[in-house]
Structure formats: structure tokens, C-alpha cells
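Summary of the model geometry
Below are the chains, spelled out letter by letter.
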Amino acid sequence: NEDGLLGFDASPYDHFMISYVNKDRVLIFEKYYYSGDFKNITSSEILIQEQNNTGVHYGGDVLWSDHYDNYIISIGDFASASSNAIYNTRPIDTTVYPGKVILLDDADIIKNIPHTGNKESLPKKNILAYGFRNPWKLSEFRNYLMIFDVGMNVYEELNIIKYDDKSKYFGWPYFEGIKTTSDIYNDIDYDLGSKISIYDSKYENLESFVLDNSTFPKFTYTHVPGPRSAIIGGDVFDNFNSKYNFNVFFTDFISEEIMSYNITNNEVNLFPIENIWGLTSLIIYNEQIVVSTLSGEIIFITLP
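Residues numbered from 1 in each chain as written. Predicted model: local features only at pLDDT ≥ 70, side-chain atom pairs only at ≥ 80, totals over all residues. Heavy atoms only, no water.

1. Things to note about the overall build of the protein
When helices and strands are counted, the protein shows 2 helices and 22 strands. Scaling as 2.2 N^0.38, a compact globule of 304 residues should have a C-alpha radius of gyration of about 19 Å, and the protein matches this with 19 Å. By its C-alpha atoms, the protein is 50 × 50 × 40 Å across when sized along the principal axes. Split into buried and exposed, the 304 residues of the protein put 56% on the buried side. The contacts of the protein with a sequence gap of at least 6 include a subset with a gap of at least 24, amounting to 53%. Here the protein displays about 14300 Å² of accessible surface, and carbon together with sulfur accounts for 47% of that area. Distance between charge centroids for the protein: 3 Å, based on 22 positive and 42 negative side chains. (Helix = DSSP H or I, 4+ residues; strand = E, 2+ residues; numbered from the N terminus. Rg over C-alpha atoms; globule rule 2.2 N^0.38 Å. Buried < 20%, exposed > 50% of the residue type's maximum accessible area, 1.4 Å probe, protein only. Contact = heavy atoms within 4.5 Å. Areas by Shrake-Rupley, 256 points an atom, 1.4 Å probe, with all protein chains shown as cover. Lys, Arg positive; Asp, Glu negative; His and termini not counted. Charge placed at Lys NZ, Arg CZ, Asp CG, Glu CD.)

Next comes the structure, spelled out in C-alpha cells:
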């Protein structure tokens, strides 16, 4: 399924981070220290490890944040692709990590994390954002964080955070994209309130918290017409002289197209590509789009 190496990024301070899944389906984030160059590793430490019994939806991206001078990581909801996924409470449970994007250290930065989930456990103090299904890739642009979240059967999401001291809830599993999961999957009795509670006197119940605090994606697309199946992020053009300046570029796992979303005017563009699919990552390098594929290729794409 999604086993093996998932993410890598390096800091300016003689250490780098990788994320990987071991043979026991444990998602591990391990920090390596080196002297001189990457090959001369002096020590390592495992910072987070999370058991995933389904073998899918690990998330697992690693991003060095220039804004926070720290690592940001993503963790999926660990739920299978079955219809029961909309009843998974982990993405909204602030006492656990699945379904979250977190800052590895400096937990005192985030101030407003609500207490949902296990009453006997304390909320995690380093949650930048939560309410995700499978936040597969992250990208930072100045004081913005792009989170590319894989949906279930209908919507794929580009979510954008402007950094501040507030943790933000992005809707899953109450919302997929811009619609409620109860509407999408025709469950008129949909209610997570019996499965998870919120311990905050400001809110009558969990649903009132969701309705008051949900942040919606900046851009979504559907699986049809397609075929499309999973959003693969992503990078931002940061070149004043380029006509693509301020465009977020991303793609989909099985669609033969590159997409872009302009964060200043909301313009969306599609760029068809031929005989390239199974895309697993996308970055911008020297004004080109660089993608990796499931078959192990690295492909350079020149935009028109």
C-alpha cells in the first residue's frame, strides 16, 4: 500500500528529517544529525511514531518551515477507503495526531486548540491545522502554508493557511470539500456527537463547534469529469517576472493534467499533459514543473 519512505526535508542547521513506514505499519518521523554533509550522520532520534492498522492514508509529508524555523509534518487519518471513513473521529480529536498538520516543536505558539476527544487526555499543543483525511503534501510560501488534502469519493482540496497563533479546523469528516458528508453519502442521521465530545462551555455540542469553526478549501475539484482520484501537491511560483507568479501548481495521481490556482485573483488553469500519470509529487525548479511518478521516473515539464 503506502509503505516505505514518505517524506524528506533538510534544515539549515546540520540536521534533516525523514518520514517512513516500517513493516509493522508504524508511521515514523526521524531526525538525523550530520557533520559536514548528509553522508556523515552522527546521530538520529525518533520524534513521533504512530501505529496505522489500515496501511493507507498515512499523510507523512515533511516540510522545513522558514517561517517557524522548524519542521512541519502531516499525518493522515489512518482510515480505510470504505464508507465507514466518514465516522472516523480522529481528525477532529485534538488529543491524537491522525488527521493533523503539526509543528514539531515550540508548542506554545498555538493558543486556541479546543479539547475534543478523550476527556482524560490533554489536547496536543502543536496542532497547526486539523480535520484532514490524507494531507499528502505541504508547501510553504512566505507566511502561507498550502495543504493538499486527498478526499474520499468526490472532492480533492487545496487548503491555504495564513500563519498566526490559531489552530484551524478544515472540516473532515463533517465536510468533504464544500459539502457535508451527510449530503454526499445520503446519511440523514449523521451525527458524530455520540462518538466524540467537546469540552468547552462556549459550544452546546460538537456540531455547533464544527459549524462555527470550519475553514473551507480555497479550491476544490471533483473526480468527474476525469478520471481523477487524489490531489498531488504542489509548489508556488515566486517570481515577479513570471506570468505564473503567485500560482500554486499541483496535479492528480491519475489525471493527465497540471492544475494551477492563483492565490491573488483565484484564477484556475488546466495544462494537459500526455502519457504521464501515476504522479506522486510536484515541485517547481528553474521555471519548470518537476514531477515524480509511481514507476520511478522524474519528468521535467515546461509550461507554455
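2. Description of the nonpolar core
It is characteristic of soluble globular proteins that their nonpolar side chains tend to be buried jointly. Core analysis: the largest hydrophobic core is formed by 75 residues, its most contacted members being I72, L145, L158, Y174 and F250. Ranked by the residues each element gives to this core, the list is headed by strand β3 (residues 26-34), at 6 residues. Formed by 15 residues, the second largest nonpolar core is a distinct cluster that contains Y244, I258, I284 and I299. (Core = buried A, V, L, I, M, F, W, Y, C linked by side-chain atoms within 4.5 Å.)

3. Comments concerning unusual backbone geometry
Leaving glycine out, the prevailing phi sign among residues is negative, and the prevailing peptide bond configuration is trans. Looking along the chain, the bond that leaves V224 and enters P225 is cis, with omega of -10°. For P225, the position within the fold is in the loop between β15 (219-222) and β16 (231-236). A cis geometry characterises the amide bond from G226 onward to P227, with omega recorded as 10°. With respect to the element layout, P227 can be found in the loop between β15 and β16. Even without being a glycine, N275 presents a positive backbone phi close to 60°. Mapping N275 onto the fold places it in the loop between β19 (268-272) and β20 (279-285). For E287, which is not glycine, the phi torsion reads 70° and is therefore positive. Relative to the helices and strands, E287 resides in the loop between β20 and β21 (288-293). The class for E287 is partly exposed, based on a relative accessible area of 40%.

4. Looking at the environment of L206
Positionally, L206 belongs in helix α2 (residues 206-213). Relative accessible area serves as the criterion here: at 3%, L206 is assigned to the buried category. Apart from residues no more than four positions distant in its own chain, L206 is found in contact with I92, T116, Y174, L192, I196 and I198.

In short, shape yes, function no, at least from these values alone.
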